[in-house]
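Residues per chain, in single letters:
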Amino acid sequence: MNFITKDDLIAFMHKVPDSEDSQPESYCKAAMETVADYLGYNPELQEYTQTIKGDGGALAALKALPINAISAFSVDGVESDPAGLEVEDMNYICFKDNSVFAKGSRYEVTFSAGWENVPEIIKTTALQIASLYWESAGGNLAVSSTSFADTGSRVFNNFASDRFLKQIAKYRRVF
């Protein structure tokens, strides 16, 4: 998982680390993990194999999105034609003939999902979170202060990545 790099983070923050500083790379990895955990999948294009237990419903949710292609499909160990399936709402599959996923049957699906070019908003969110991690290393994370003429000043601290993750909510996996 490398949809952001140390160089991306340095350019994003306009900050130059020491030449031996390996921490920015760690911040990028941690941020990408945070984004993947929030989304429920790795947004980069990759191949998956998933087993689904039939529940009698017409739709089955797959563990990543967007589904790009279904390359193999079997029912209870018997190969079936993946062309008989179609994608609904980015991470659901259904039968083209409106059949249901028979209760108790096991369906194995091999598919590719994710983006070849991860959406910029997901990359930017990861960079924002990585910069949050980098700034936290200095102990002055998200400190802001306001001066009030009559009553002095107030200092506010905020170390929540949630405020950044909200902007990619539409990419979360739906169950």
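Residues numbered from 1 in each chain as written. Predicted model: local features only at pLDDT ≥ 70, side-chain atom pairs only at ≥ 80, totals over all residues. Heavy atoms only, no water.

(A) Layout of the packing of helix H2 (residues 23–39) against helix H3 (residues 120–136). One way to put it is that H2 packs onto H3 with a least axis distance of 8 Å and a crossing angle of 130°. On the basis of the axis angle, H2 is oblique to H3. Taken as a pair, H2 and H3 cross one another with a handedness that is right-handed. Facing H2, whose interface residues are Pro24, Tyr27, Cys28, Ala30, Ala31, Thr34, Val35 and Leu39, H3 presents Ile122, Thr125, Ala126, Ile129, Ala130, Tyr133 and Trp134. Considered class by class, the residues forming the contact of H2 with H3 number 13 nonpolar, 2 polar and no charged. (Axes fitted to C-alpha atoms, helices over the stretch in contact; angles between N-to-C directions. Helix = DSSP H or I, 4+ residues; strand = E, 2+ residues; numbered from the N terminus. Parallel < 35°, antiparallel > 145°, perpendicular 65-115°, else oblique. Left-handed = near helix turned anticlockwise from the far one by under 90°. Contact = heavy atoms within 4.5 Å. Nonpolar A, V, L, I, M, F, W, Y, C, P; charged D, E, K, R; others polar.)

(B) Main features of H2. With 17 residues, H2 extends 24 Å between its outermost C-alpha atoms, agreeing within 8% with the 24 Å of an ideal straight helix rising 1.5 Å per residue. Those residues of H2 lying buried are Pro24, Tyr27, Cys28, Ala31, Met32, Thr34, Val35, Ala36, Tyr38 and Leu39. The secondary structure elements touched by the buried residues of H2 are helix H1 (6–13), H3 and helix H4 (162–165). Positive phi appears at Gly40, one or two residues downstream of H2, with a value of about 95°. (Expected span 1.5 Å × (residues − 1). Buried < 20%, exposed > 50% of the residue type's maximum accessible area, 1.4 Å probe, protein only.)

In short, the description is geometric, and any link to function would need to be established separately.
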